[in-house]
Amino acid sequence: MCGRYALFRWNPAFAALPGFPADQQAQWNISPNDSVLMLRAGADGQRELARARWGLTPPWLTDLSRTPAHARAETVAEQPMFREALRLRRCLLPANGFYEWRGTTRKRPYWLTPGEGAALFFAAIWEAYPVQEQVWLSTAVITQPASSQRRPLILDAAGQEAWLNPETPLHALQALLASEPAALRERVLANLVNDPKLNGPECLTPG
C-alpha cells in the first residue's frame, strides 16, 4: 500500500497554476493526515491547485478518526463512501515518487518513480467538509493491484485530462480505473525514511 510519497520538485509552469501556495515547501515524506497539494478543475474548467488533508472526509461523516487515505480502483464506483466523489469530485495528486515497503520479517523501503526529474500524477477524489464558516478539503488516492502490492493509479497526460474533465462518462472512468500499472524505476533505500517525522532529502539515502 502506498502510505508515503514525496513532492519536493516542480517546474515553473506548475508553480504558476492558480492556487499554488506562496509558502509551499518541499515534502519528502508525506503521510496520511498530512496536508497535500491536489490539482482539480476549477469552476471555469481550468486547472487549479488547492491544499487538502490526505484522508477523505465526506460532510456526513461523524467519526473523524475513520477517514480513508485510499480507495480501491476495483470498488470505488460502488462504495457509498466514494461513489459520489468519483462522479463529481475527481482530482490529481502531484508527486515526484512514492515509497513502498517489501519483505516479510524485515521490510525494506523502496523509492519508485518514472525517472529522474519526472513528475507523477495520482488519480484521486476529494470532498469538502464544512466547519462553521470554514470549508476543509480532503482527498483519497485511488489504488490498484500491482506486483503483489497496491500502488497509486498513475495517469498519463491523456488520462489526466479525462480524469479531470467533468463530462467524462462513467465507462471511460472505469477504463482508466482498470488500466495497466505504470512502468516505474525503483531503488532500495536505507531505513531513514521509516521515521514519518523525517522530512528532508536524506529520506532518499540509498540502502
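Residues numbered from 1 in each chain as written. Predicted model: local features only at pLDDT ≥ 70, side-chain atom pairs only at ≥ 80, totals over all residues. Heavy atoms only, no water.

The name given to the protein in an unreviewed UniProt entry is Abasic site processing protein, with Pseudomonas cucumis as the source organism. Regarding the protein, the relevant UniProt record gives this comment under Sequence similarities (unreviewed entry): "Belongs to the SOS response-associated peptidase family." (UniProt positions renumbered as here; feature names shortened; annotations may be inferred.)

(A) Broad picture of the sheet that holds strand β8 (residues 108–113). Strand order in the open sheet made by the five strands is β2-β1-β7-β8-β12, with antiparallel pairing throughout. Each having just a single partner strand, β2 (27–30) and β12 (185–188) make up the two edges of the open sheet. Neighbour-to-neighbour, the strand axes of this sheet turn through a mean angle of 25 degrees, independent of strand direction. Alignment of strand β7 (residues 97–102) against β8, held across five bridges, turns out to be antiparallel. Bridged to F98 within β8 is L112. (Pairing = 2+ DSSP bridges. Helix = DSSP H or I, 4+ residues; strand = E, 2+ residues; numbered from the N terminus. Axes fitted to C-alpha atoms, helices over the stretch in contact; angles between N-to-C directions.)

(B) Just helix α3 (residues 157–164), in detail. Buried within α3 are the following residues: G159, Q160, W163 and L164. All buried residues of α3 fall inside an arc of 120 degrees around its axis, so they share one side. Facing away from the buried side of α3 by more than 90 degrees, the exposed set consists of A157 and A158. (Buried < 20%, exposed > 50% of the residue type's maximum accessible area, 1.4 Å probe, protein only. Arc of directions from axis to C-beta.)

(C) Up close: the pattern of salt bridges. Within the structure shown, the criterion is met by nine salt bridges. R51 is paired through a salt bridge with D23; the nearest N and O atoms lie 2.9 Å apart. Taken as a pair, R51 in strand β4 (residues 47–54) and D23 in the loop between α1 (12–15) and β2 lie far apart in primary sequence, 28 residues in all. Overall, R51 belongs to the partly exposed group, its relative accessible area being 38%. A salt bridge links E100 to R151; its shortest N-O distance comes to 2.7 Å. Remark: R151 occurs in strand β11 (residues 149–152) and E100 occurs in strand β7; sequence separation between them is 51 residues. (Salt bridge = Lys/Arg side-chain N within 4 Å of Asp/Glu carboxyl O.)

(D) Summary view of the environment of P145. Among the secondary structure elements, P145 is positioned in strand β10 (residues 134–146). In this structure P145 comes out as partly exposed when scored by relative accessible area, which is 47%. Considering only alpha carbons, one finds P145 and R72, 73 residues apart in sequence, at a separation of 8.7 Å. For P145, the residues in contact, after removing those within four places along its chain, are E74, R150 and P181. (Contact = heavy atoms within 4.5 Å.)

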